[in-house]
Amino acid sequence: MRDKKEPVMTEKRRVTFIVNPASGINRSALDIITAFLETHADQLDSTVHLTEASGDATRFAKEAVRRGVDLVAAYGGDGTMMEAAAGVMHSSTPLLMLPGGTANVMAIDLNIPTRLEDALALALSPELTTREVDMGSIDNEVFLLRAGIGYEAEMSAQAARGDKSKKGRLAYFENALRLLRTLRPTSYILTIDGETHVRPGITCMICNSSGIGIPNLRFTYNSDVGDGLLDVIVIRDMRAGTLLKTFYHILRSLLPNPTENGGVDVDHWQAKQVTVQMKHRQLVARDGEPLKRSKRVSAEVIPAALRIVVPPNTVPAETESVDESLDRDQTPA
Ligand SMILES: [Mg+2]
């Protein structure tokens, strides 16, 4: 039965589905997708590819772009999304994200439904609503969410080795606490759009998305995935007191700018290009995937790298950020 509001499409939409069958807590994801495609076979002319190894999602997405499909849809976690994004990058083919990971950071940023059936339904919209989204690159490796150096990279690496499907978010927090006891702080020399800053720190993050996979909780609030800027964040140390203070400020959406940071051990800049030198060799990761240990990396934004399908009516016309509403409610004029 077709929803009455859904007009019949005269021509079938050609969609390539890229599915990471290892993703998600729910083993029936592939069944849900298959059933959806059967139900809507009159509207969608679809091809389904299953990924087996890293690099597959990028390859399938590139092939689909070359064939001139109308839409590439990817099911999986943040790693699969980064790969699919890299495949459609610099093309006019939009990407539909079908969130199947533990965090689904970009999906949350863009108000894409995390329930698979609801995200799938976006493929049926008579007119696809899309948003231009930036990507980043670090030493010529692209990322969709962020590059992490030090603590963040170690944390992602450990979480990736753990059983994410069973523990979900808990795995991240367990690893976070364990790592806090062992990681050695370093000193970062940052060249941010040509300006040099030196900061001691335990981690440096170069973020396209500053989301952490939990709605309304972010590393910084004045960032946007489509503003042509990366957010560079250094967290100086992670002693219990600092951690509490940092989270308090993140929760209160009051992450300050570096010139008036009021004793919070976090620095934040926005930049198109950044070079980071570390006193000690540290692990570098992009979108949670370890890349290498290094003492120097260089990153830049790739503005308007791709188009991502978003729900109609939720294109952030002028979405009010949480800190703006808090400022209004709580900050004296
Ligand atoms: Mg940005």
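Since we're looking at a predicted model, the values are computed, not measured.

Some thoughts on the confidence of the model for the protein
Okay, step 1: Confidence in the prediction of the protein, expressed as mean pLDDT, is 81, and 73% of residues score 70 or more.
Okay, step 2: The weakest mean pLDDT in the protein belongs to helix H10 (residues 322–330) at 41; the strongest belongs to helix H2 (residues 56–67) at 98.
Okay, step 3: Every residue in residues 1–6 is under pLDDT 50, and counting partners more than four places away or in other chains gives 1 contact.

Things to note about the pairing of strand E13 (residues 230–235)
Okay, step 1: Counting buried residues along E13, 6 of its 6 residues qualify, which places the element largely inside the surrounding structure.
Okay, step 2: Residues Leu230, Val232 and Val234 line one face of E13 and the alternating positions Asp231, Ile233 and Ile235 line the opposite face, and both faces are buried.
Okay, step 3: Taken together, the 5 bridges between strand E10 (residues 203–207) and E13 define a ladder with antiparallel strand orientation. Counted as the bridge partner of Cys207 is Asp231 from E13.
Okay, step 4: As paired strands, E13 and strand E14 (residues 266–271) are joined by 6 bridges and run antiparallel to one another. The residue bridging Leu230 from the neighbouring strand is Ala271, located in E14.

Topic: the nonpolar core
Okay, step 1: One finds Val72, Ala74, Ala84, Ala85, Leu95 and Met97 to be the most contacted residues of the largest nonpolar core, which totals 79 residues.
Okay, step 2: It is strand E16 (residues 289–309) that contributes the most residues to this core, 7 residues altogether.
Okay, step 3: Built from parts of two domains, this core gets at least three residues from each of domain 1 (13–128) and domain 2 (141–304).
Okay, step 4: Those residues in contact with Ala74 that sit more than four places away from it in its chain are Ile18, Ala57, Thr80, Met81, Ala84, Leu95, Met97 and Leu98.

A few points about the packing of H2 against helix H3 (residues 78–88)
Okay, step 1: Relative orientation of the contacting elements H2 and H3 amounts to 30°, with a least axis distance of 7 Å. Compared by their axis directions, H2 and H3 come out roughly parallel. Two packed elements cross with a definite hand, and for H2 against H3 that hand is right-handed. For the pair H2 and H3, the contacting residues are Ala57, Thr58, Phe60, Ala61, Lys62 and Val65 in the first and Thr80, Glu83, Ala84, Ala86, Gly87 and Val88 in the second.
Okay, step 2: Partitioned by chemical class, the residues of the contact of H2 with H3 number 7 nonpolar, 3 polar and 2 charged.

A word on unusual backbone geometry
Okay, step 1: Positive phi, close to 45°, is recorded for Asp139, a residue that is not glycine.
Okay, step 2: With respect to the helices and strands, Asp139 occurs in the loop between strand E5 (130–138) and strand E6 (141–143).
Okay, step 3: Here Ala304, not a glycine, exhibits a phi torsion of approximately 45°, which is positive.
Okay, step 4: Summarising the element assignment, Ala304 is placed in strand E16.
Okay, step 5: Given 14 C-beta atoms within 10 Å, Ala304 falls into the partly exposed group.

What counts, and at which threshold
- Residues numbered from 1 in each chain as written.
- Predicted model: local features only at pLDDT ≥ 70, side-chain atom pairs only at ≥ 80, totals over all residues.
- pLDDT = per-residue confidence, 0-100.
- Helix = DSSP H or I, 4+ residues; strand = E, 2+ residues; numbered from the N terminus.
- Contact = placed C-beta atoms within 7 Å.
- Buried ≥ 20, exposed ≤ 12 C-beta atoms within 10 Å, placed from the backbone.
- Pairing = 2+ DSSP bridges.
- Core = buried A, V, L, I, M, F, W, Y, C linked by C-beta atoms within 7 Å.
- Domains from an automatic or database assignment.
- Axes fitted to C-alpha atoms, helices over the stretch in contact; angles between N-to-C directions.
- Parallel < 35°, antiparallel > 145°, perpendicular 65-115°, else oblique.
- Left-handed = near helix turned anticlockwise from the far one by under 90°.
- Nonpolar A, V, L, I, M, F, W, Y, C, P; charged D, E, K, R; others polar.

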